[in-house]
Amino acid sequence: MKLIKTISSLIVGDVQADRVVPPTGFTARLTLFAAATMAFLTVFALALSLASGRLAQRWGDELAQSATLRISAPAEQLDAQTEAALSVLQSTPGVASARALGDDEQRALLAPWFGPDLPVDSLPIPQLIEILETDDGFDPAGLRLRLQAEVPGAVLDDHTRWRAPLERAAGRLRLLGWVAILLIGATTGVMITLAAQAALAANAQVVAVLRLIGARDAYIVRAFVRRFTLRALSGAAIGTVLGAGAMMLLPAAQEEGGFLTGLGFVGTGWLLLLLIPFLTAIVAYAATGAAARRTLSELA
Amino acid sequence: MIELENIAYNYGGGELLSEISLKLAPGSFHFLTGPSGAGKTTFLKLCYGALAPTAGSARLFGQDVRDMDRDGHALARRRIGVVHQDCQFLDHLPLADNVALPLTVSGRDSHEQVTNLEELLSWVGLGHRASALPPELSGGERQRAALARAVIMSPEVVLADEPTGNVDWEMSQRLLQLLVELNRMGKTILIATHDLNLIRAAKHHVQARVLRISNRKLQLAGADL
């Protein structure tokens, strides 16, 4: 109830009280600029964090419960070894399905490095077999032993060797994004605190007059806090809109583009941007209130 | 109302005021005089709680100023109108808003505010200057505006620090007349001034006690004025 009252008094305000603080000045522009810049940066940090999260999720989903068998053998033995490997896999507990990749699929895998017109059939390229696991999974060590005996050219890659560091890296990148958002929030608080202190110092005469005529500290604090909160809200809204516009100008995610072109917001992720101005306003409200109360007790 | 009991005030390592006792009775009229630098402004600040005595006790409306928090001071100041020599205003607000400021900060009803304000500005002869900004006002107009602001809350006490310091004789008579009128309405008045002519002129209109700060002490003056 008290929170609702506080929010409504911030939005509706007191026209007379608003006029007590001189309307213009350096601190007004500083607050607006700082809030806009920080909101702009927050958009990118948020995009980085969300994209990293999606990447970690994708890598996890695509690579978990799957493995790849690579068969390197002379061309005349390749088909036989592939048949033998598929036969071993079909009889292995924990393997849900196994299939040999066709030429088109292998060409697509190599296209990012060699281009789309690679003559796969004329090159000594190993045959790949995609293995999908059951929920329980298979025993990779046991499978390797069987393959060693029956398909000498087969190498089992169960993805764990390189999936784990990739997922870890994506997780750290996501964490980095959130840390950046926290730092931006803290910096916003510091800048607004400095601006509020400068405004109070510049308006020492206003404070002296208000005290002389019987204004309570709460009244003076409210007058300054509302001014700074609304400035921060406006600045952050501008910064968020500009940041969102910049995100829209980034190239769209493409199959061959990899991670960087996937940097951006997807679906309801855009709604998170709406939080930025409000969170900035909350930071400004807390920072200005604390700065004003501290300055007023020093001026007492 | 305002009671000072054996107070002292030290400033800059030395004792500026010492062994001062005073009780302002309701409806009384006091002048406070003394040479420049004697401590008249400091004394007034002790009277409205802007300063706390270094010894003795100062009570505003029965409460010791040392026991009052900042809200308590704010509430006490709504009962004490203060006119400063330098007449500080909010320069970005028109005169009418400046004068109405005490009502604004205390959250008084806006209808009451408008009625009081118009009457008050006419009373101090500034009805035609309501929309002027403070820097556009003359010294006399600023003093009268400060007086209007000091009394708009209908305070019980009015403290004025050199209210005629920056105005000519005719304007100082006008201001004195306003203060006398306030006293007749029952307000307690304390005026700090070094202008003895003003005090002599006041004696024709009001029964005033004249106090003098001399050698850090407060004395009753009168016979020589």
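Residues numbered from 1 in each chain as written. Chains lettered and ligands numbered in written order. Predicted model: local features only at pLDDT ≥ 70, side-chain atom pairs only at ≥ 80, totals over all residues.

Summing up its helical and strand segments, chain A has ten helices and four strands in all. Relative to the 2.2 N^0.38 estimate, which gives 19 Å for 300 residues, the radius of gyration of chain A is 31 Å and therefore markedly larger than a compact globule would have. (Helix = DSSP H or I, 4+ residues; strand = E, 2+ residues; numbered from the N terminus. Rg over C-alpha atoms; globule rule 2.2 N^0.38 Å.)

What follows deals with the overall build of chain B. Counting its secondary structure elements, chain B contains seven helices and ten strands. In terms of overall dimensions, chain B is globule-like: its C-alpha atoms have a radius of gyration of 17 Å, near the 17 Å expected for 225 residues. Judged by the C-alpha coordinates and their principal axes, chain B covers about 45 × 40 × 30 Å. Taking all 225 residues of chain B together, the buried fraction comes to 42%. Taking contacts inside chain B between residues at least 6 apart in sequence as the whole, the part at least 24 apart equals 69%. (Buried ≥ 20, exposed ≤ 12 C-beta atoms within 10 Å, placed from the backbone. Contact = placed C-beta atoms within 7 Å.)

Moving on: the packing of helix H3 (residues 95–105) of chain B against helix H5 (residues 139–151) of chain B. All names here are of chain B. The interhelical angle for the contact between H3 and H5, taken along N-to-C directions, is 35°, at an axis separation of 6 Å. Relative to H5, the crossing made by H3 is right-handed. From H3, Leu95, Asn98, Val99, Leu101 and Pro102 reach across to H5, where they touch Ala145, Ala148 and Arg149. Of the residues belonging to the contact of H3 with H5, the class tally is six nonpolar, one polar and one charged. (Axes fitted to C-alpha atoms, helices over the stretch in contact; angles between N-to-C directions. Left-handed = near helix turned anticlockwise from the far one by under 90°. Nonpolar A, V, L, I, M, F, W, Y, C, P; charged D, E, K, R; others polar.)

Once that is clear, we can look at the sheet that holds strand E4 (residues 55–60) of chain B. All names here are of chain B. The four strands lie next to each other as E2-E1-E4-E5, forming an open sheet whose pairing is antiparallel. Each edge of the open sheet carries a strand with a single partner, namely strand E2 (14–24) and strand E5 (63–64). Pairing geometry for strand E1 (residues 2–11) and E2, over seven bridges, is antiparallel. Bridge pairing links Ile2 to Leu24 in E2. (Pairing = 2+ DSSP bridges.)

Taken domain by domain, chain A holds domain 1 (2–57 + 170–299) and domain 2 (65–158). On a C-alpha basis, the centroid separation for the pair domain 1 of chain A and domain 2 of chain A is 54 Å. (Domains from an automatic or database assignment.)

Right, let's talk about the pairing of strand E3 (residues 29–33) of chain B for a bit. Residues and elements named next belong to chain B. A large share of E3 lies buried, amounting to four of its five residues. Where E3 lies against strand E8 (residues 188–192), four bridges are found, and the strand directions are parallel. Considered in E8, the bridge of Leu32 is made with Ala192. Across four bridges, E3 lies against strand E9 (residues 209–214) in parallel orientation. Considered in E9, the bridge of Thr33 is made with Arg212.

Turning next to the nonpolar core. One finds A:Ile192, A:Ala196, A:Phe224, B:Ala148 and B:Leu159 to be the most contacted residues of the largest nonpolar core, which totals 114 residues. Looking at this core, the element that brings in the most residues is helix H3 (residues 26–63) of chain A, giving twelve residues. Among all residues touching B:Leu159, those that are not within four sequence positions of it are B:Leu44, B:Cys47, B:Tyr48, B:Ile80, B:Val82 and B:Leu190. With twelve residues, the next largest nonpolar core counts A:Ala85, A:Leu89, A:Ile131 and A:Leu156 among its residues. (Core = buried A, V, L, I, M, F, W, Y, C linked by C-beta atoms within 7 Å.)

A pair of packed helices can be characterised by two numbers: the angle between their axes and the separation between those axes. Residues and elements named next belong to chain A. For the pair H3 and helix H10 (residues 275–299), the least separation of the axes is 10 Å and the interaxial angle reads 135°. For the element pair H3 / H10, the angle class is oblique. Crossing hand, H3 versus H10: right-handed. The segment H3 lies against H10, with Ala35, Met38, Ala39, Thr42 and Val43 engaging Ile276, Pro277 and Thr280. Its residues placed into classes, the contact of H3 with H10 shows six nonpolar, two polar and no charged. (Parallel < 35°, antiparallel > 145°, perpendicular 65-115°, else oblique.)

This part is about the interface of chain A and chain B. Between chain A and chain B, the residue contacts involve 17 residues of the former and 19 residues of the latter. Among the secondary structure elements, those contributing two or more residues to the side of chain A that touches chain B are helix H2 (15–20), helix H8 (204–212) and helix H9 (217–249) of chain A. Sort the elements by how many residues they give to the side of chain A that touches chain B and H8(A) lands first, with six residues. Its residues placed into classes, the side of chain A that touches chain B shows eleven nonpolar, three polar and three charged.

Time to look at the sheet that holds E3(B). Residue and element names in this part refer to chain B. Strand order in the open sheet made by the six strands is E6-E7-E8-E3-E9-E10, with mixed pairing throughout. Across the chains shown, the open sheet's two edge strands, defined by having one partner strand only, are strand E6 (80–83) and strand E10 (217–220). Between one strand axis and the next, the sheet turns by 20° as a mean value, whatever way the strands run. Together, E6 and strand E7 (157–161) form the strand contacts of H5, whose direction differs from that of E6 by roughly 170°.

Take the confidence of the model for chain A next. Do not read the fine detail of predicted coordinates wherever pLDDT is low. Considering every residue of chain A, the mean pLDDT works out to 84; 90% of them sit at 70 or more. Taken element by element, the predicted model of chain A shows its lowest mean pLDDT in helix H1 (residues 2–12) of chain A (67) and its highest in H9(A) (91). (pLDDT = per-residue confidence, 0-100.)

Before going further, it helps to examine the environment of A:Gln57. Here A:Gln57 shows up in helix H3. Between the C-alpha atom of A:Gln57 and that of A:Ala170, which follows or precedes it by 113 residues, the distance is 8.9 Å.

Moving on, we get to unusual backbone geometry. Residues and elements named next belong to chain B. Positive phi, close to 50°, is recorded for Asn6, a residue that is not glycine. Along the chain, Asn6 falls in strand E1. Located in the positive-phi region is Glu162, a residue other than glycine, with phi close to 45°. You can see Glu162 is positioned in the loop between E7 and helix H6 (169–184).

Here chain B shows a mean pLDDT of 87. Residues at 70 or above account for 96%. Taken over the whole predicted complex, pTM reads 0.71, whereas the ipTM for its chain interfaces reads 0.84.

Residues and elements named next belong to chain B. For Asn197, the location among the structural elements is in helix H7 (residues 196–202). Note on Asn197: 13 C-beta atoms within 10 Å, which makes it partly exposed. Here the alpha-carbon distance between Asn197 and Trp169, two residues 28 residues apart in the chain, equals 9.4 Å.

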